[in-house]
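Tertiary structure, described
Next come the chains, spelled out residue by residue.
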Amino acid sequence: MKECYVARSRTVAARQLGEEMVIMSAVDSTLFNLNPVAALIWQAADGQTPLAKIVEERICPVFDVEPGEALRDAEQFVSDLAAHGILLLAESPIVESSAVADKKS
Amino acid sequence: MSLMEQLNRKALGLGVPLSVHLDVTYRCNERCEHCYLEHDGKNELTTAEIRSFLLQFAGAGVFFLTISGGEPLLRRDCFAIIELARELKFNVKLKTNAVLVGEKEARRLREAGVEQVQVSVYSHKPEIHDAITKLPGSLSLTMEGIRLMRAAGLKVTLANVLMRSNAADYAGVQALAAETGAHYTLDPTITPMLNGDSSILGMRLPAQGLRTVFRDDRLVGNVDDFCAPPAPIDDEIREGIPCSAGHTSCYVSPWADVYPCVQFPLPCGNLRQQFFSEIRAGSAQLREVRAIRAKHLPTCSSCSHLGTCTRCPGLALMEGKMRGPSSADCEKSFLRTGVATAGMLAGRAVSPPVPSHSALVQIQL
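Computed from a predicted model, the values in this text were never measured in an experiment. (Residues numbered from 1 in each chain as written. Chains lettered and ligands numbered in written order. Predicted model: local features only at pLDDT ≥ 70, side-chain atom pairs only at ≥ 80, totals over all residues. Heavy atoms only, no water.)

**Focus on the overall build of chain A**
In terms of helices and strands, chain A carries three helices and six strands. Each helix (α) and strand (β) of chain A, taken in turn from the N terminus, gives the series β-β-β-β-α-β-α-α-β. Residue burial in chain A is summarised as follows: out of 105 residues, 44% are buried. Here chain A displays about 5400 Å² of accessible surface, and carbon together with sulfur accounts for 50% of that area. (Helix = DSSP H or I, 4+ residues; strand = E, 2+ residues; numbered from the N terminus. Buried < 20%, exposed > 50% of the residue type's maximum accessible area, 1.4 Å probe, protein only. Areas by Shrake-Rupley, 256 points an atom, 1.4 Å probe, with all protein chains shown as cover.)

See below:
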């Protein structure tokens, strides 16, 4: 199976609000409200960590969810956000300038 | 309930100031006849101070940041401020007259990820627009800036402040918006100057002009719905907050003064003396504003318009009492529906400084 890497886009506005994450695309002004699971994935999307590892290390220990199911849900989630241009997906680590540097998050 | 409404409700519950309006300067290259500011540039915020404040805003949960002035692009560090704000992941809206926006500036705003730029346009006629701004050639410069920003891919809104001198021109400004692919907002709000001078209120759109606006379906959509008599008041409305000012929104001046809203001249603290979080939590003025519920308004709580009126507590304060009616909003509710307000019936909301003129309304199109 191919590896999936995810990185936050620089074009978004984002803020933690309680346990949730609010994100707005500067491209089309679409507003997203991420639940705590999705917010964890978003925060971990540094372009360097494979999605499977994010799910294994950040999601499964915190939420009572079966790893295979969690990964399938996560793949669907990142695919949806990528379609709106607020996450970048790649099969190798992401280093392009449109991804947000982790120190600024 | 829309996602934005859910977001506001959640922020209200958490006590998060979701929106901050930051005026980075009061200096301006225009001298608009209705402007409420004095264009004093002395002792305005330094870049380092603004950086510190932005970090504090982000830590407090601020999501929407409006950068305005004065003319913000008069600051040499304006782009550095905007780029820092974007690095901190604010949703940035810029208010500018666009006179200083060339191709390079438009591209830089786009690359920074500014979500929206709002530009004041008063008329499609240069002789009207330029007479209001007192800057010869300003309409031409502004429209060129707008076109360049649109070409760069920025979302632009033409804000059309409507008053006596340009009352007949809103259709022309709407056409300019359509021609440039921009959004259009009409705003017949003229507020007293921050120094208390209310002489500029005489420029407000007369009642007949506002009545015409309220009945123009190109502006308000379904006129019957927009002008319908107020619906019955329920407990949710009575227990609700009258306005987001001081709750989820906040204003910071170029001298670091904190107010509940740009239109609410109640000083609550200064960011040169206290942290933002300290002012938010400790200001007696903000606590007082936040304690007010609709049921606490002595006159308005008994008004049939309580659930639909856009009563501005800042305008009410400028008329004497922040819990009182705002005569401008009373008049607007009346002109819209034909139903007199409690403030009018009590004889309290028809006195100067806002006689028989119009009202505070913002119609987003």
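**Regarding the overall build of chain B**
A count of helices and strands for chain B gives 16 helices and ten strands. Over its C-alpha trace chain B gives a radius of gyration of 20 Å, about what one expects of a compact globule, namely 21 Å for 365 residues. Projected onto its principal axes, the C-alpha coordinates of chain B cover approximately 55 × 50 × 40 Å. Looking at chain B residue by residue over its 365 residues, the buried ones come to 53%. (Rg over C-alpha atoms; globule rule 2.2 N^0.38 Å.)

**Considering the confidence of the model for chain B**
Residues and elements named next belong to chain B. Confidence in the prediction of chain B, expressed as mean pLDDT, is 92, and 95% of residues score 70 or more. Scored below 50 in pLDDT, residues 349–365 makes 66 contacts in the model with residues more than four places away or belonging to other chains. Scored by ipTM, the complex comes to 0.84, with pTM at 0.90. (pLDDT = per-residue confidence, 0-100. Contact = heavy atoms within 4.5 Å.)

**Topic: the environment of Arg147(B)**
Residue and element names in this part refer to chain B. Among the structural elements, Arg147 can be located in helix 6 (residues 138–151). We classify Arg147 as partly exposed; its relative accessible area is 35%. The contacts of Arg147, once residues within four sequence positions are left out, are Glu179 and Thr180.

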